[in-house]
Amino acid sequence: MVESNASTARPVAVVTGASSGIGAASARQLARAGYRVVCAARRVERIEALAAEIDGLAVPCDVTDAEQVAALAEAAGPAVSLLVNNAGGAIGLDPVESADPDDWRSMYETNVIGTLQVTRALLPALEASGAGTVLNIGSTAGRIAYEGGGGYTAAKHGVAVMTETLRLELLGRPVRVCEVAPGMVRTEEFALTRFNGDTERADAVYRGVDEPLTADDVADVVAWVATRPQHVNVDLVVVKPIAQASQHKVHRTS
Ligand code: 8X3
């Protein structure tokens, strides 16, 4: 459980991309750990239902929109203990040779610029809490290249480097900076979004893999990183299913 500053007030956590997958699962686990969770995402009905379920707050927010990000910071209040930068995702699996620059721009916008904007907007409140944490959801794609993944791996490498840079820059201030980098996670939307709703291609990603990680598996790590004593900065957790030894080496039974 987290410690709160006042005896009655719950510490505030902001989770972006909270409408589904790792974001929604993290919001639930963080609420269970004692946070008042501000659930931010574009899809209002989903985050309103989630916020009602976990006694949190729903704030509609597209992380690429500076005004909406400013409104999120305003709604989160003057002291925020935890920011989980989860909004992001992949588009397509096209080789560099034929990739659509708009897909790459969009991935850079959501994964990198979105994380930058939300982090900038919330840093004063994270610092004001006296014990802040920025936790970026990276990816194994932020540590290795794979064919067809150029746009996504470039963006997730960007998130990884931004995380390291911020940790260096904030040294001596009361905000720790962490990254959780999942490998193969089966969520309802990640692969489907990547392949523009093509369920066959999305299903093929996980075909024959015994047990890909679930959103809850990753949320468990997020909650663990967030609830370490404040002097403990877990720089990076790479988490993969046992069936995935590396990006290219996945055990499939069929
Ligand atoms: C997701 C991992 O393998 O689809 O962040 O790039 S992968």
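Here the structure is a predicted model, which means the values were calculated and not measured. (Residues numbered from 1 in each chain as written. Predicted model: local features only at pLDDT ≥ 70, side-chain atom pairs only at ≥ 80, totals over all residues. Heavy atoms only, no water.)

Chemist: Describe the sheet that holds strand β4 (residues 82-85), and please don't skip the residues or the numbers.
Modeler: Overall, parallel pairing links the 7 strands, which are arranged β3-β2-β1-β4-β5-β6-β7 in an open sheet. Strand pairing shows two members of the sheet lacking a second neighbour, β3 (57-60) and β7 (236-239), which therefore form its edges. Across the sheet, the axes of successive neighbouring strands diverge by a mean angle of 15°, strand direction being ignored. Both strand β1 (residues 12-16) and strand β2 (residues 36-41) contribute to a ladder of 5 bridges, which runs parallel. Paired with Val15 across the strands is Cys39, a residue of β2. (Pairing = 2+ DSSP bridges. Helix = DSSP H or I, 4+ residues; strand = E, 2+ residues; numbered from the N terminus. Axes fitted to C-alpha atoms, helices over the stretch in contact; angles between N-to-C directions.)

Chemist: Pulling in residues and values, what's your account of the site of the ligand?
Modeler: Surrounding the ligand, one finds Ser139, Ala141, Tyr146, Tyr152, Gly183, Phe190, Arg194 and Gln247. The contact in question runs from an oxygen atom of the ligand to an N or O atom on the side chain of Tyr152, over 2.7 Å. Arg194 places a side-chain nitrogen or oxygen 3.4 Å from an oxygen atom of the ligand. Protein burial of the ligand: of its 250 Å² of free accessible surface, 82% is covered by the chains. When the residues that make up the shell around the ligand are grouped by side-chain class, the tally is 4 nonpolar, 3 polar and 1 charged. (Near = heavy atom within 4 Å. Polar contact = N/O pair within 3.5 Å; in protein donor to acceptor, adjacent residues only side chain to side chain. Areas by Shrake-Rupley, 256 points an atom, 1.4 Å probe, with all protein chains shown as cover. Nonpolar A, V, L, I, M, F, W, Y, C, P; charged D, E, K, R; others polar.)

Chemist: Outline a negative patch on the surface, listing residues and values.
Modeler: A contiguous patch of negative charge, built from Asp210, Glu211, Asp216, Asp217 and Asp220, is present on the exposed surface. Looking at where Asp220 falls in the secondary structure, it is placed in helix α8 (residues 215-226). (Patch = residues over 30% accessible without salt bridge, like charges linked within 9 Å, V, L, I, M, F, W, Y side chains within 5 Å. Salt bridge = Lys/Arg side-chain N within 4 Å of Asp/Glu carboxyl O. Lys, Arg positive; Asp, Glu negative; His and termini not counted. Charge placed at Lys NZ, Arg CZ, Asp CG, Glu CD.)

Chemist: Provide a residue-level description of the side chain of Ser19, including the pertinent values.
Modeler: By the secondary structure assignment, Ser19 is in the loop between β1 and α1 (21-32). Ser19 sits in the buried class, given a relative accessible area of 13%. Apart from the residues lying within four places of it in its own chain, the contact partners of Ser19 are Ala24, Ala41, Arg43, Arg46 and Ile47. (Buried < 20%, exposed > 50% of the residue type's maximum accessible area, 1.4 Å probe, protein only. Contact = heavy atoms within 4.5 Å.)

Chemist: Give a description of the pattern of salt bridges that names residues and reports values.
Modeler: A full pass over the atoms with the stated rule returns 9 salt bridges. The partner of Arg173 in a salt bridge is Glu127, with the nearest N and O atoms 3.0 Å apart. Note that Arg173 is positioned in the loop between α5 (150-169) and β6 (175-182) and Glu127 in helix α4 (residues 101-128), a separation of 46 residues in sequence. A relative accessible area of 40% places Arg173 in the partly exposed class. The exposure class of Glu127 is partly exposed, given its relative accessible area of 29%. A salt bridge links Glu179 to Arg143, with the nearest nitrogen and oxygen atoms 2.9 Å apart. Pair noted here: Glu179 is in strand β6 and Arg143 is in the loop between β5 (132-137) and α5, with a separation of 36 residues, a long-range link. In this structure Glu179 comes out as buried when scored by relative accessible area, which is 3%. Since its relative accessible area comes to 33%, Arg143 is described here as partly exposed. Within the structure, one salt-bridge network assembled from shared partners comprises Arg43, Arg46 and Glu189.

Chemist: Let's hear about α5: which residues, and what values?
Modeler: The end-to-end C-alpha separation of α5 is 28 Å, in line with the 28 Å expected for 20 residues at 1.5 Å each. Along α5, the positions that sit buried rather than exposed are Gly150, Gly151, Tyr152, Thr153, Ala155, Lys156, Gly158, Val159, Ala160, Met162, Thr163 and Leu166. Buried residues along α5 sit in contact with α4, β5, β6 and α6 (190-194). (Expected span 1.5 Å × (residues − 1).)

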